[in-house]
Amino acid sequence: MGQFRFLTAGESHGRALVAIIEGMVAGLPVSEDYIAQDLERRQAGYGRSARMKIEQDVAEIISGVRHGLTMGSPISLLVWNRVWEDWQEIMSIAPVGKKIRPITTPRPGHADLSGITKYGVEDIRLILERASARETAARVAVGAVARRFLDEFGIAIHSHTLSIGKHRAKQPKSINWKQVEKSPVRCADATAEKAMMAAIDDAKAKGDTLGGIFEVIATGVPVGLGSHVQWDRRLNGQIAHAMMSIPAVKGVEIGDGFSVASAKGSQAQDVIGTSSKDALPWHRATNNAGGIEGGISNGQPIVLHAAVKPIATLGKPLPSVDLRTGKKAEAHYERSDICVVPAAGVIGEAMLAIVLTNAMLEKFGGDHLKETWVNYKNYISSACSRQRYAKS
Ligand SMILES: Cc1cc2nc3c(=O)[nH]c(=O)nc-3n(C[C@H](O)[C@H](O)[C@H](O)COP(=O)(O)O)c2cc1C
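This report concerns the structure included in the present document. Because the structure is a prediction, the values reported are computed rather than measured.

Reading the values: rules and limits
Residues numbered from 1 in each chain as written. Predicted model: local features only at pLDDT ≥ 70, side-chain atom pairs only at ≥ 80, totals over all residues. Heavy atoms only, no water. Helix = DSSP H or I, 4+ residues; strand = E, 2+ residues; numbered from the N terminus. Buried < 20%, exposed > 50% of the residue type's maximum accessible area, 1.4 Å probe, protein only. Phe/Tyr/Trp six-rings, centres within 6.5 Å; stacked < 30°, edge-to-face > 60°. Lys NZ or Arg CZ within 6 Å of the ring centre and 35° of its normal. Salt bridge = Lys/Arg side-chain N within 4 Å of Asp/Glu carboxyl O. Near = heavy atom within 4 Å. Polar contact = N/O pair within 3.5 Å; in protein donor to acceptor, adjacent residues only side chain to side chain. Areas by Shrake-Rupley, 256 points an atom, 1.4 Å probe, with all protein chains shown as cover. 1 Å grid on protein atoms, 1.4 Å probe; cavity = no way out; pocket = protein on both sides within 12 Å on 5 of 7 lines; lining within 4 Å. Sits in = over half its atoms within 2 Å of the grid points. Nonpolar A, V, L, I, M, F, W, Y, C, P; charged D, E, K, R; others polar. Pairing = 2+ DSSP bridges.

Overview of unusual backbone geometry
A positive phi is found at arginine 186, a non-glycine position, where the angle reads about 55 degrees. Structurally, the position occupied by arginine 186 is in the loop between α7 (177-182) and α8 (190-205). Looking at arginine 186, the relative accessible area reads 5%, which means it is buried. Residues other than glycine seldom take positive phi values, yet alanine 248 does so here, at roughly 80 degrees. Topologically, alanine 248 is positioned in the loop between α9 (235-244) and β11 (249-254).

Some thoughts on the packing of aromatic side chains
For the structure on display, the rule yields six aromatic pairs. Relative to phenylalanine 153, the ring of phenylalanine 149 has its centre 5.0 Å away and its plane inclined at 55 degrees; by these criteria the two rings are tilted. You'll find phenylalanine 149 and phenylalanine 153 in the same group, each marked buried. The exposure class of phenylalanine 153 is buried, given its relative accessible area of 5%. Members of the aromatic cluster, connected to one another through ring pairs, are Phe149, Phe153, Phe364, Trp373, Tyr376 and Tyr379. One residue, lysine 118, lies across the ring of tyrosine 119, its end atom 5.5 Å from the ring centre. The positively charged end of arginine 148 is found above the aromatic ring belonging to tyrosine 34, 5.7 Å away from the centroid.

Some remarks on the pattern of salt bridges
Throughout the structure, instances matching the rule amount to 20 salt bridges. Here glutamate 334 makes a salt bridge to arginine 125, at a shortest N to O gap of 2.7 Å. Placement of glutamate 334 in the loop between β18 (327-330) and α12 (341-364) and of arginine 125 in helix α5 (residues 125-131) is noted, with a sequence separation of 209 residues between them. Between glutamate 349 and arginine 147 there is a salt bridge; the shortest N-O distance is 2.5 Å. Separated by 202 residues along the polypeptide, glutamate 349 in helix α12 and arginine 147 in helix α6 (residues 136-151) bring together distant segments of the chain. Assigned by exposure class, glutamate 349 and arginine 147 land together as buried. If you follow the salt bridges from partner to partner, you end up with Asp38, Arg41, Arg147, Glu181, Arg186 and Glu349 in one network.

Focus: the site of the ligand
Near the ligand lie 17 residues; those nearest to it are His110, Lys250, Lys309, Thr313 and Ser336. At a separation of 2.7 Å, an oxygen atom of the ligand approaches a polar side-chain atom of histidine 110. Between a nitrogen atom of the ligand and a side-chain N or O atom of serine 336, the distance comes to 2.6 Å. Relative to its unbound accessible area of 630 Å², the ligand is 85% covered by the protein chains. Of the pockets mapped on this structure, the ligand occupies the largest pocket. A per-class count over the shell around the ligand returns nine nonpolar, four polar and four charged.

Digging into the pairing of strand β17 (residues 319-322)
Burial along β17 is one-sided: the face carrying Ser320 and Asp322 is buried and the face carrying Pro319 and Val321 is not. Note: β17 against β18, four bridges, orientation antiparallel. For valine 321, the partnering residue across the bridge sits in β18 and is lysine 328. Turn length for the β17-β18 hairpin, with the two strands adjacent in sequence and antiparallel, is four residues, and the turn residue glycine 326 shows positive phi of about 75 degrees.

Structure (structure tokens):
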């Protein structure tokens, strides 16, 4: 982890989720309302379970912000779990004086089986409570603070759904983000949107689930974030790590990723042309690289795709074994989503915001926003100007 880092804690049905952020500059305007917008976007999406209607997440800022501005000290955030009321006995911190029936039928596709083996426990609840993607609510709250920082530098991050099941959206030339925000599946193609929603209904009726692909785009990213000099400083590596850390994400590509593998070298690169209009004396007509070359941002939009697997908890449970008896049994079922691709896109935005905030702070430093801003401005007007090249 770099200068901007965070930890989360909390169980899915525990009292609350918490996050501690370290390394944010002082002087950044942050509010609970701003963070709430992203939390709400994470909870939306056709195909989510009824729990999303119960929760209506809000992050309380507990420390690190005074009179609306960050102080440079750790920022802590707290998201209460509204379902806690019904889970007080099962998730009680103190012993309850009676045996709570353990979960012993592991769900394929979850951390259940490997988790109980690794941690030496019998009750799968001890694993599933933390492995649950409920934790991503805390990450989205952290990501909103990062997004607030990036706003100051004109960096914007959006996501949309490219596919759900077999239904793929047509890629429009320019994406209408307002339309995406209104779409129940966060899709920019109205025809595909209908097909995706029908496919989710069909999967639900059959006790099944669906996966898909989301795209995240960051615009306004300056040239020079990340580095070629060390493996862990490569920006594309950091982004891939962040995306793969989202539960159910099974593949990530930056730019044209997998399809460039079958293209010819003459077609796969973004050739460098001259420009008299751009801030820098060059121009790229294409962005196959997705905004990163040699581990360094190249000034083009950062574009990535992430593949989300179909949810592993099925209404019609998959075959499993009851570990108490060693006999065949249906996998444990607990209220579950049918499709999380739209929500995963919002989490992808948060994770990208976190990586880019860290990379910005690494490049421009500073303990107060003003200091970071001055360093940024100096860099943009000196290193990233055509005059610089004219002089050499
Ligand atoms: C926003 C979101 C919500 C999720 N909700 C569920 C769910 O309701 N039921 C489920 O079985 N998996 C759900 N998942 C996926 C699981 O958390 C994930 O598949 C599981 O922890 C195993 O991890 P892995 O798929 O990364 O190997 C969700 C994922 C995300 C991103």
